[in-house]
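Spelled out, the chains give:
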Amino acid sequence: MKTIRKAVFPVAGLGTRFLPATKANPKEMLPIVDKPLIQFAAEEAVAAGIDVLIFIIGRNKSSIPDHFDKAFELEANLEAGGKKEMLDIVRNILPSRIDCVYIRQPEALGLGHAVLCAQSVVGDEPFAVLLADDLIYSDKRSCLNQMVDIYGEHHCSVLGIEQVPKDTVNRYGIIDSAAMTDRLSKVNAIVEKPSIKAAPSNLAVVGRYILTPRIFKLLEQTARGAGNEIQLTDAIAKLLKEESVLGYKFEGKRFDCGSKSGYLQATVEFALQHPELSKEFEKYLHALMKK
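This section reports on the structure supplied with the text. All of these numbers come straight from a predicted model, not from anything done at the bench.

1. Remarks on helix α9 (residues 232–239)
Now for step 1: Among the residues of α9, L232, T233, A235, I236 and L239 are the ones counted as buried. One side of α9 carries all its buried residues, which in axial view fall inside an arc of 160°.

Encoded structure:
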């Protein structure tokens with residue numbers, strides 16, 4: 001059985017909801033306190049045993065490769081200033097064993113097209129997909145680590161799912177499923193951004209996937225769908241006719257950092273956990289609430 005060694009990070013989106021902050025800077029580089037969203041996603045993948053990170057980038061995304069690359073001038077400056085702690089942080093963003101691959105998505109044709117761009121590197125292997133603007137916090141095992149275990153037991157595609165308010169189902173891929181356990185379901189159908197009335201449930205696919213390589217051939221055959229884009233959801237709907245696909249309700253808390261509200265919530269909650277800032281920030285919040 002092939003293990004999950006590779007992860008795809010589609011980071012070519014324009015991030016229009018965060019303009020003007022994302023005019024020249026990718027939304028995936030927006031910081032949660034002092035760490036960018038893309039680093040949280042990369043660390044989650046590494047914790048799950050991934051050793052090849054594949055970034056699907058677009059125009060104005062050079063700061064992402066720069067972030068994971070060596071910064072000789074910065075490191076020399078920190079070393080000369082005796083700032084060893086900061087130097088260690090900069091040098092150890094990723095373990096040295098990790099390979100980073102950057103692939104340019106020539107056009108913004110949707111999530112499905114972005115995943116398809118990774119085919120030449122992924123090859124004939126199962127792989128993970130992580131959307132960095134879905135920040136998932138778990139104080140035990142990461143979401144992707146949990147999903148890798150599910151794949152290891154069932155040997156089929158696994159979708160990270162959670163219940164969402166019924167009035168928000170039109171923002172997600174929504175599944176129809178049959179429960180196997182409290183957290184695991186067999187996916188029977190999936191539809192991209194259905195109307196509230198047409199949604200088969202309120203179980204939404206969020207930004208974590210483990211997919212078999214068959215998805216690439218199906219993506220090649222997938223026409224543009226919602227938003228005139230090639231939707232990964234549409235290819236997964238085809239995959240369901242050929243292979244088993246499971247939905248997994250992960251343990252952890254998801255922050256939708258693709259929205260301003262979710263991004264601010266993540267910033268506040270991570271600040272309250274930060275070893276250097278938590279006490280001071282909590283004190284500030286208490287004082288603010290008294291005004």
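2. A look at the packing of aromatic side chains
Now for step 1: Tallied over the entire structure, the rule returns 9 aromatic pairs.
Now for step 2: Judged by centre distance (5.0 Å) and plane angle (20°), the ring pair of F9 and F55 falls under stacked. In this pair, F9 is assigned in strand β1 (residues 6–10) and F55 in strand β4 (residues 52–57), connecting sequence segments 46 residues apart.
Now for step 3: We classify F55 as buried; its relative accessible area is 0%.

3. Describing helix α1 (residues 37–47)
Now for step 1: Most of α1 is tucked away: 9 of the 11 residues are buried.
Now for step 2: Burial in α1 covers these residues: L37, I38, Q39, F40, A41, A42, E44, A45 and V46.
Now for step 3: Looking one or two places after α1, you find G49, whose phi comes out positive at around 95°.

4. Quick word on the nonpolar core
Now for step 1: The biggest cluster of nonpolar side chains holds 44 residues, and the ones touching the most others in it are F9, I38, L53, F55, L144 and I210.
Now for step 2: Every element with two or more residues in this core is listed here: β1, α1, β4, α2 (63–68), β6 (127–130), α7 (143–154), β11 (203–211) and β12 (245–249).
Now for step 3: Among the elements that make up this core, the one with the highest residue count is α7 (6 residues).
Now for step 4: F9 has contacts with I38, A41, A42, A45, L53, I54, F55, I56 and L130, leaving out every residue within four places of it along the chain.
Now for step 5: Counting residues in each nonpolar core, the second largest holds 34 residues, with V129, I161, I230 and A235 among its members.

5. Considerations on the pairing of β1
Now for step 1: Across the 5 residues of β1, 5 count as buried, placing the element largely inside the fold.
Now for step 2: The pairing of β1 with β4 spans 5 bridges and is parallel. Bridge pairing links K6 to V52 in β4.
Now for step 3: Here 2 bridges tie β1 to β6, and the two strands are oriented parallel to one another. When the bridges of β6 are listed, A7 appears paired with A128.

6. Observations concerning the pairing of strand β10 (residues 184–192)
Now for step 1: In this structure, strand β9 (residues 173–179) lies alongside β10, joined through 7 bridges in antiparallel fashion. Looking at the pairing, S177 lines up with V187 of β10.
Now for step 2: Hairpin connection from β9 to β10: 4 residues lie between these consecutive antiparallel strands.
Now for step 3: Across 3 bridges, the pairing between β10 and β12 is antiparallel. In the sheet register, S185 faces β12, and the bridge partner there is G247.

7. Some details on unusual backbone geometry
Now for step 1: The omega angle of the peptide bond from L19 to P20 is 5°, so this bond is cis rather than trans.
Now for step 2: As for its position among the elements, P20 is in the loop between β1 and β2 (31–32).
Now for step 3: In this structure, V33 takes a positive phi of about 65° despite not being glycine.
Now for step 4: Among the secondary structure elements, V33 is positioned in the loop between β2 and β3 (35–36).
Now for step 5: The phi torsion at H155 lies on the positive side, around 60°, for a residue other than glycine.
Now for step 6: You can see H155 is positioned in the loop between α7 and β8 (157–163).

8. Quick look at the environment of L94
Now for step 1: Inspection of the secondary structure assignment puts L94 in the loop between α4 (84–91) and β5 (99–104).
Now for step 2: Put simply, L94 and F68 are 26 residues apart on the chain and 7.2 Å apart in space, counted from C-alpha to C-alpha.
Now for step 3: Not counting the four nearest positions on each side in its chain, L94 is found in contact with A42, V46, L53, F68 and C100.

9. Regarding the pattern of salt bridges
Now for step 1: Applying the stated criterion across every chain yields a total of 16 salt bridges.
Now for step 2: Note that D133 and K27 form a salt bridge whose closest N and O atoms lie 2.7 Å from each other. You can see D133 sitting in the loop between β6 and β7 (134–137) and its partner K27 sitting in the loop between β1 and β2, a full 106 residues away along the chain. The residues D133 and K27 share a single accessibility class, namely buried.
Now for step 3: Through salt bridges that share partners, R5, K6, D51 and E125 make up one connected network.

Cut-offs and rules
- Residues numbered from 1 in each chain as written.
- Predicted model: local features only at pLDDT ≥ 70, side-chain atom pairs only at ≥ 80, totals over all residues.
- Heavy atoms only, no water.
- Buried < 20%, exposed > 50% of the residue type's maximum accessible area, 1.4 Å probe, protein only.
- Helix = DSSP H or I, 4+ residues; strand = E, 2+ residues; numbered from the N terminus.
- Arc of directions from axis to C-beta.
- Phe/Tyr/Trp six-rings, centres within 6.5 Å; stacked < 30°, edge-to-face > 60°.
- Core = buried A, V, L, I, M, F, W, Y, C linked by side-chain atoms within 4.5 Å.
- Contact = heavy atoms within 4.5 Å.
- Pairing = 2+ DSSP bridges.
- Salt bridge = Lys/Arg side-chain N within 4 Å of Asp/Glu carboxyl O.

Everything listed here is a matter of geometry and, on its own, says nothing about what the molecule does.
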